[in-house]
Amino acid sequence: MTEVEFLGARLERDILTMVEDTAKEEHVDKTKALKDLIILGRKQFLIKKYVNLYRDGGCSIDKAAERCKITVSEMMKEASKEGIKSSETIEEYRNGLELLKRTLNNSAF
Amino acid sequence: MKIIIDSCSVILLTKATVLEKLSGSYNILIPIEVYNEVLKGKEKMLKDALLVEKLKNENKISLINIDKKLKKKIMQDFNMGEGESSVIAGGIRNNNLVATDNRQGRKAAEINSLQLIGSIEIVVNLFRKRKIDYEKAYQSLKLLKEEGWFDNNLIEKAMEDIENDRS
């Protein structure tokens, strides 16, 4: 069984209302509601942090996924939702096509 | 010449429904680390995970081991995961074509002067080699456009290119 510890924290009234509303909506006690909100909030916090880091060239998409504990496919969706595009340019696309033409088209595969 | 491919491109080519055709047309290498990254989606029944596993079981893709020391250095230099860094290390060691569509991967490939390609070029090349027909190539590009991963101008340029090569 997971060990539990007591944590005292001062919360504003509107945050307490969030916990109470969640508890009512989900038919759970306030402790369970608070835990669920923290877990979900932490996940969203990490996704936001690593989407930004990926956009700024600070990490790769698989690293971001690993840190957020989600799949690479899910991380790609998160990046796309934020409007982040591949850095590939038309010139790079042309170079890639030329490379494929030169190397693979003349080989036996 | 072989193509070493990362998780990002495996996922995009699956969404574009051409990964199976690609694996039947060219020699595709997937580092074990990339395979493991993609297979994490199997729990959620993601299509890319299920297809990659099927292609591996049918021996249509080759799983490869990568030099751990070089991989680790690339992981640290570029803050990359195991999969992406193993693709770059594989490109450096064996001079393979490197297929990646993610920013950090493309940056690392360029810095190391690797032979870099992306998913859009792969779709256009499959069409030019008549491994897929025009309708299939167009649909694949449309699916990539819907994913929102690429700049629209890039997809439209590719669509224009396949239209010009149609006859």
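### Quick notes on the overall build of chain A
Piece 1. Broken down by element type, chain A carries 5 helices and 0 strands.
Piece 2. Along the chain direction, N to C, the helices and strands of chain A fall in the order α-α-α-α-α.
Piece 3. Looking at chain A residue by residue over its 109 residues, the buried ones come to 28%.
Piece 4. Considering only contacts within chain A whose residues lie at least 6 apart along the sequence, 18% involve residues at least 24 apart.

### Quick notes on the environment of Lys-157 of chain B
Piece 1. Within the secondary structure, Lys-157 of chain B sits in helix H10 (residues 152–164).
Piece 2. The exposure class assigned to Lys-157 of chain B is partly exposed, which follows from the 16 C-beta atoms found within 10 Å.
Piece 3. Residues Lys-157 of chain B and Ile-120 of chain B lie 37 residues apart in sequence; the distance between their C-alpha atoms is 9.9 Å.
Piece 4. If we skip the residues at most four places from it in the chain, Lys-157 of chain B touches Ile-90 and Tyr-93 of chain A.

### Considerations on the packing of helix H8 (residues 119–128) of chain B against helix H9 (residues 134–147) of chain B
All names here are of chain B.
Piece 1. Contact pair H8 / H9: the axes reach a minimum separation of 9 Å and the direction vectors enclose 170°. It follows from the interaxial angle that H8 and H9 lie roughly antiparallel. Side by side, H8 and H9 meet where Ser-119, Ile-120, Val-123, Val-124, Leu-126 and Phe-127 of the first sit next to Tyr-134, Ala-137, Ser-140, Leu-141 and Leu-144 of the second.

### Notes on the nonpolar core
Piece 1. Counting 72 residues, the largest nonpolar core has Ile-61, Ala-64 and Met-75 of chain A together with Val-98, Ile-120 and Val-123 of chain B as the members making the most contacts within it.
Piece 2. Considering every element that reaches this core, the biggest residue donor is H8 of chain B, with 6 residues.
Piece 3. Once residues lying within four places of it in the same chain are set aside, the contact partners of Val-98 of chain B are Ile-4, Val-87, Ile-88, Gly-91, Ala-109, Leu-114, Gln-115 and Leu-116 of chain B.

### A closer look at the domain arrangement of chain B
Note on interface size: it is often stated as the accessible area lost on association of the parts.
All names here are of chain B.
Piece 1. Each assigned domain of chain B is listed here: domain 1 (3–119) and domain 2 (121–164).
Piece 2. Once you take the C-alpha centre of each, domain 1 and domain 2 turn out to be 20 Å apart.
Piece 3. Listed by contribution, the elements that provide at least two residues to the side of domain 1 that touches domain 2 are helix H1 (7–15) and helix H2 (19–25).

### Quick notes on helix H1 (residues 13–26) of chain A
Since the α-helix turns once every 3.6 residues, residues separated by three or four places project in the same direction.
Residues and elements named next belong to chain A.
Piece 1. Taking 1.5 Å per residue as the helical rise, H1 with its 14 residues ought to reach 20 Å, and the 20 Å between its terminal C-alpha atoms agrees with that figure.
Piece 2. Burial analysis of H1 places just 0 of its 14 residues in the buried class, which makes it a mostly uncovered element.
Piece 3. Just downstream of H1, His-27 is the residue with a positive phi angle, here 55°.

### Describing the sheet that holds strand S5 (residues 115–117) of chain B
Piece 1. Overall, parallel pairing links the 5 strands, which are arranged S3-S2-S1-S4-S5 (chain B) in an open sheet. Every interior strand has two partners, whereas the edge strands, strand S3 (62–64) and S5 of chain B, have only one. Across the sheet, the axes of successive neighbouring strands diverge by a mean angle of 35°, strand direction being ignored.
Piece 2. Sheet contacts for helix H5 (residues 90–103) of chain A: strand S4 (97–99) and S5 of chain B; angle to S5 of chain B, the most-contacted strand, approximately 115°.

### Comments concerning unusual backbone geometry
Residues and elements named next belong to chain B.
Piece 1. Backbone geometry at Asn-59 places phi at a positive 60°, although glycine is not the residue there.
Piece 2. The phi dihedral of Ser-113 falls on the positive side, at around 50°, and the residue is not glycine.
Piece 3. Along the chain, the position of Ser-113 falls in the loop between helix H7 (103–111) and S5.

### Points about helix H3 (residues 61–68) of chain A
Piece 1. Among the 8 residues of H3 of chain A, 7 are classified as buried, and the element is accordingly described as predominantly covered.
Piece 2. Among the residues making up H3 of chain A, those that are buried are Ile-61, Asp-62, Lys-63, Ala-64, Ala-65, Glu-66 and Cys-68 of chain A.
Piece 3. Buried-residue contacts for H3 of chain A involve helix H2 (30–55) and helix H4 (72–81) of chain A together with H1, helix H3 (32–39) and helix H6 (82–94) of chain B.
Piece 4. Positioned one or two residues after H3 of chain A, Lys-69 of chain A has a phi angle of 55°, which is positive.

Here is what the cut-offs are and how they apply
- Residues numbered from 1 in each chain as written.
- Chains lettered and ligands numbered in written order.
- Predicted model: local features only at pLDDT ≥ 70, side-chain atom pairs only at ≥ 80, totals over all residues.
- Helix = DSSP H or I, 4+ residues; strand = E, 2+ residues; numbered from the N terminus.
- Buried ≥ 20, exposed ≤ 12 C-beta atoms within 10 Å, placed from the backbone.
- Contact = placed C-beta atoms within 7 Å.
- Axes fitted to C-alpha atoms, helices over the stretch in contact; angles between N-to-C directions.
- Parallel < 35°, antiparallel > 145°, perpendicular 65-115°, else oblique.
- Core = buried A, V, L, I, M, F, W, Y, C linked by C-beta atoms within 7 Å.
- Domains from an automatic or database assignment.
- Expected span 1.5 Å × (residues − 1).
- Pairing = 2+ DSSP bridges.

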